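# Secondary and tertiary structure notes
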Amino acid sequence: PVPVRTCVGCRSREEKVRLIRIVPRDGGVAVDVRQRKPGRGAYLHPRPECLEQALKRRSLGRALRSEIDGQQAAVTIRQFLGVLT
């Protein structure tokens, strides 16, 4: 059995290895590349449209159960996505 998670952007289910894990760090977020950092995490497809949906609906902060700066989170995740492409 392959672990399955839900993308906080588009709300579709996908294999865990195909998603990136986002964790809260110091009022912002960090991308957990190895998917091993402790604490609550949120999963997101590595696509800009999923990030935009998550920010628009504020689902990233709800999934992490923490107050996050949406602009800082967007910059961090966009930088990571830029490295992937």
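Read on for a plain summary of the structure. (Residues numbered from 1 in each chain as written. Predicted model: local features only at pLDDT ≥ 70, side-chain atom pairs only at ≥ 80, totals over all residues. Heavy atoms only, no water.)

### Some points on helix α1 (residues 48-57)
- Those residues of α1 not exposed but buried are Cys50, Leu51 and Ala54. The buried residues of α1 all sit within an arc of 100 degrees when viewed along its axis, so they share a single face. Turned more than 90 degrees from where α1 packs its buried face, Pro48 and Lys56 sit exposed.
- Looking at the buried side of α1, the elements it contacts are β5 (42-44), α2 (59-64) and α3 (70-84).
- Arg58 lies just past α1 and shows a positive phi near 60 degrees. (Buried < 20%, exposed > 50% of the residue type's maximum accessible area, 1.4 Å probe, protein only. Helix = DSSP H or I, 4+ residues; strand = E, 2+ residues; numbered from the N terminus. Arc of directions from axis to C-beta. Contact = heavy atoms within 4.5 Å.)

### Regarding the pairing of strand β3 (residues 20-25)
- When β3 meets β5, the two strands line up antiparallel, connected through 3 bridges. The residue bridging Ile22 from the neighbouring strand is Ala42, located in β5.
- Note: β3 against strand β4 (residues 28-32), 5 bridges, orientation antiparallel. Across the sheet, the residue bridging to Arg21 is Asp32, located in β4. (Pairing = 2+ DSSP bridges.)

### Concerning the packing of α1 against α3
- Closest axis-to-axis distance for the α1/α3 pair is 11 Å, and the angle between their directions is 170 degrees. By the angle class used here, α1 and α3 are roughly antiparallel. Residues Pro48, Leu51, Glu52 and Leu55 of α1 lie in contact with α3, whose contacting residues are Gly70, Ala74, Ile77, Arg78 and Leu81. (Axes fitted to C-alpha atoms, helices over the stretch in contact; angles between N-to-C directions. Parallel < 35°, antiparallel > 145°, perpendicular 65-115°, else oblique.)

### Some thoughts on the nonpolar core
- Ile20, Ile22, Leu44, Leu60 and Ile77 are the most contacted members of the largest nonpolar core, which has 19 residues in total.
- Only β3, β4, β5, α1, α2 and α3 provide two or more residues apiece to this core.
- Each residue touching Ile77, except ones within four places of it in the same chain, is listed here: Ile20, Ile22, Val29, Leu44, Leu51 and Leu60. (Core = buried A, V, L, I, M, F, W, Y, C linked by side-chain atoms within 4.5 Å.)

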